[in-house]
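Structural features, examined
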Amino acid sequence: MKLLITFLLIFSVSLTIHSDDLQIEVIGKTTRQNSIVLPNGKKYVSFRHEGGFKSTLAKYGSYFCEGSIFYNKENLLENMNLFCELTDQNGDKQYTTGKRKVGSEVDIALGKTVIFDASGFWKKFIGLECTYVIEYVNNILFSPQKCKMPE
């Protein structure tokens, strides 16, 4: 079932890709995760991801994200906060904030990010919104992203 959902999410994102869209592929690993399980079965998780990225703009580099997620007792997302820093091969940075769809599962989800600050090359992309899919395979995070460029 998860494989079918993954395929449908990636297929739906890829159907709307145009040559004017920015695509970013993020691959990383969770380097820190702390959890608090409440008596009612809900769970709070704080985490850090680190890894690499590449884009259709010939920009590539490293990234890290810090975030927190609150899951209900069915282990579905209720709330999430995510902040990321991506540093490209020239040292230029973009800072993003993200939200996943409420009701998402732990290891696969659909969400949106926004570039809210940047330096150098990435400054012209401040305010750009991106749709992403995230999936974990053997503790490795895969997250293709599509950003609709302004007309």
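For the structure itself, look to the data block above.
The following paragraphs examine the structure supplied in this document. Just so we're clear, the structure is a prediction, and the values are computed from it rather than from any experiment.

Let us now look at the nonpolar core. Ranked by internal contacts, the top residues of the largest apolar core, which has 27 residues, are Leu22 and Leu128. Considering every element that reaches this core, the biggest residue donor is strand E4 (residues 77–88), with 5 residues.

Moving residue by residue along a regular strand, the side chains alternate between the two faces of the sheet. As paired strands, strand E7 (residues 129–137) and strand E8 (residues 140–147) are joined by 6 bridges and run antiparallel to one another. By the bridge assignment, valine 137 is partnered in E8 with isoleucine 140. Where E7 folds back onto E8 in an antiparallel hairpin, the turn is made up of 2 residues, including asparagine 138, whose phi is positive at roughly 50°.

Among the secondary structure elements, valine 114 is positioned in strand E6 (residues 108–118). Look at valine 114 and you get partly exposed, because its relative accessible area is 27%. Spatially, the C-alpha atoms of valine 114 and glycine 98 are 6.5 Å apart, while their sequence positions differ by 16 residues. Excluding anything up to four places from it in sequence, valine 114 contacts Tyr95, Thr96, Thr97, Gly127, Leu128 and Glu129.

Quick notes on the rules
Residues numbered from 1 in each chain as written. Predicted model: local features only at pLDDT ≥ 70, side-chain atom pairs only at ≥ 80, totals over all residues. Heavy atoms only, no water. Core = buried A, V, L, I, M, F, W, Y, C linked by side-chain atoms within 4.5 Å. Buried < 20%, exposed > 50% of the residue type's maximum accessible area, 1.4 Å probe, protein only. Helix = DSSP H or I, 4+ residues; strand = E, 2+ residues; numbered from the N terminus. Pairing = 2+ DSSP bridges. Contact = heavy atoms within 4.5 Å.

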